[in-house]
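One letter stands for each residue in the lines below.
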Amino acid sequence: MLEFMRNKVVNVARLDEKTLSVHGILDDSIYSLEINFKVNISDLVCSAVEGRWLRWTTPECPRALTFLEEAEGFCLKAGIDEKIHKTVGRRACRHFANLFVECAYAVRETVKMLKWQAALKEDCELTFKLFMLNGGAAVAGSSVVTGKQKASSGPVTGGSEVVRQTPVRRAVSTASAGRVPAPGDFVIDLHLHTSPASPCASDSVDAMIEEAKRVSLHGVCLSDHNYVWSAEAVQALREKHDFPVFRVNEIVTEQGDMLVFGFYEDIQGIIKLSELKKQVAAVGGFIVAAHPFRGFLTFGADDVGLTSEKAMVREMFKWVDGVETLNGKVTATENGLALEVANGLGLPATGGSDAHDISTVGLFATAFEQVINDEEELLAALKEGKYRPVTFR
Amino acid sequence: MSNNILNFSMNRSTNVEKINAADLRSVCRLRDSLTDAEVTIEVKMPDMEISAISGHFRHAYLEEVKDLDERLQKVIGVRVGSGMLKIIRGLLGEEENLEQLVYMVEECCHGVILMLTKKVLLKAPDDEAGRVAFYSKMVKKSIRLYDRCAAFAKGTPLVAELEAENVGGEA
């Protein structure tokens, strides 16, 4: 029996010589909504964006319509999708953003066809395929882009386009989240991101370190996504702030994100966890599974019937040396499941805020029983196992 | 110029169904003026791991994907969930003739997530006050919803309780 269905229809018609009219409909088991707007054929800039709800969920969903106007002026060339998600998705509704992305795709495909039809007037035997292979795509603002072009036209991280998460403290009780540090503990936030090294972060490394000092942490680990800080840069930060700063590389694997200590290779793209383990083991590094049960916006691991017993047999846990059981970006239930799995498998547990801005630096951390002076000592301490995750802030 | 005849039309449909007591099949089909494509994934529950995948892709000018079946198999074992998009894109590649297929794998995964979301939403009460309480509780349970869309934006009614308990306390 069908459990869920989503249908999307996008139609594009030519309004006049210079303008397209776009109509998109998204109708699924939960939502029903529509978008209408116009697009200049010459530069793919959209205008007159209007939306309409037919079915929605929360009493506040209708507010989304007001924010659709933020898409006015968007140029719908390839690479616009992330900007749509960050503006329409974050400020209005992710389902309107989903439909808008479809409309942008339809516009690009339409313009290719229009350019070909114009070219046919000069060469009536020109096939669409030949036209496109001969560079018609470039003329038509096509989806043919190089990786480099994509990077430059993708997520906008500067100026007014940055979507900042409003500071809010996590609604996690200390009792459910973990122990607090004891006197004499050396407390390090093992997981935080900085801008611009992590595109998803919004505060600078200097601001994050200063906040760590302000909240009385004893050290921080810079865990930027697939980004290796040089030893010299980190040393300079230590001296500049007179504060212990360490490196950990958060690497994306097919099994999820891994915090890797003592391994400074610049891994780009997706690496198999088994392969990463080989490389890390070869240099004596240490792998911690980051937020292993990070779930969804409206439901969690518990809602799909995932128990610690079932989770323990996941392949991921064959390759990691530790488990992050307190992470500032997941729910108490998800952190609790991670702790149960770590305990069940006898793996050491760590904590980290996963902060992407200063508001949550040190929310969770790891308390070591001894002072950590450098990365060698940090690695040795991680392997020794004399530490525990703590709620710090 | 305006003859009301469409220049381009697109239909994309994603369907999710149970294939046994627990596991799911999600199918995304695309038919537009230039493309005919389909992706099917099977998802093992409760781990939500992609356990099987297949697909086809025909396009008016893009070449067929060589070894498509082999390429798609790379996502087997990937978990449907947070962070999956960068993993799927990273595993399948970024060639132009793969862009739609990658998007459709993501759409299949979104279908699974929405199916599970639907189950949660069915528990919402019918009356207005009950619905406000239900969604206020939801954002308190899942902080990732906070300020992620207009309905849960800072300063709006559904996040008032959360803000009173947390942001207010921090000020």
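Structural data are supplied above this passage.
Note that the structure is a prediction, hence the values are computed from the model and not measured.

Engineer: How should the interface of chain B and chain A be read in this particular structure?
Structural biologist: One widely used convention gives an interface's size as the accessible area the parts lose upon coming together. With 84 residues of chain B at the interface, the matching set in chain A holds 89 residues. Together, the buried faces of chain B and chain A total about 7600 Å²; carbon and sulfur atoms form 56% of this surface. Run the count over chain B and chain A and you get six salt bridges. Among the ionic pairs, Lys 8 of chain A bridges to Glu 107 of chain B, the shortest N-O distance being 2.6 Å. Joining chain B to chain A, the criterion identifies 28 residue pairs in polar contact (both at pLDDT 80 or more). If you list the elements that add at least two residues to the side of chain B that touches chain A, you get β1 (6–18), β2 (24–32), α2 (84–92), α3 (99–121), α4 (128–141) and α6 (167–170) of chain B. Broken down by class, the residue content of the side of chain B that touches chain A amounts to 39 nonpolar, 22 polar and 23 charged. Pairing analysis gives eleven bridges linking strand β1 (residues 2–14) of chain A to β1 of chain B, with the strands arranged antiparallel. Bridge pairing in β1 of chain B links Asn 11 of chain A to Ser 9 of chain B.

Engineer: I tried to follow the packing of aromatic side chains on my own but got confused; where do I start?
Structural biologist: Two measures describe an aromatic ring pair: the distance that separates the ring centres and the angle between the ring planes. Residues and elements named next belong to chain A. The full count for this structure, using the stated rule, is eleven aromatic pairs over all chains. Residues Trp 53 and Trp 56 carry aromatic rings whose centres are separated by 6.2 Å and whose planes lie at 50° to one another, so their mutual orientation is tilted. Here Trp 56 falls in the partly exposed class, since its relative accessible area comes to 37%. Judged by centre distance (5.0 Å) and plane angle (75°), the ring pair of Trp 53 and Phe 96 falls under edge-to-face. Placement of Trp 53 in strand β4 (residues 46–55) and of Phe 96 in helix α3 (residues 94–120) is noted, with a sequence separation of 43 residues between them. On the accessibility criterion, Trp 53 (9% relative accessible area) is buried. An aromatic cluster is built from Tyr 31, Trp 53, Trp 56 and Phe 96, whose rings are joined through pairwise contacts.

Reading the values: rules and limits
Residues numbered from 1 in each chain as written. Chains lettered and ligands numbered in written order. Predicted model: local features only at pLDDT ≥ 70, side-chain atom pairs only at ≥ 80, totals over all residues. Heavy atoms only, no water. Contact = heavy atoms within 4.5 Å. Buried area = accessible area lost by both parts, 1.4 Å probe. Salt bridge = Lys/Arg side-chain N within 4 Å of Asp/Glu carboxyl O. Polar contact = N/O pair within 3.5 Å; in protein donor to acceptor, adjacent residues only side chain to side chain. Helix = DSSP H or I, 4+ residues; strand = E, 2+ residues; numbered from the N terminus. Nonpolar A, V, L, I, M, F, W, Y, C, P; charged D, E, K, R; others polar. Pairing = 2+ DSSP bridges. Phe/Tyr/Trp six-rings, centres within 6.5 Å; stacked < 30°, edge-to-face > 60°. Buried < 20%, exposed > 50% of the residue type's maximum accessible area, 1.4 Å probe, protein only.

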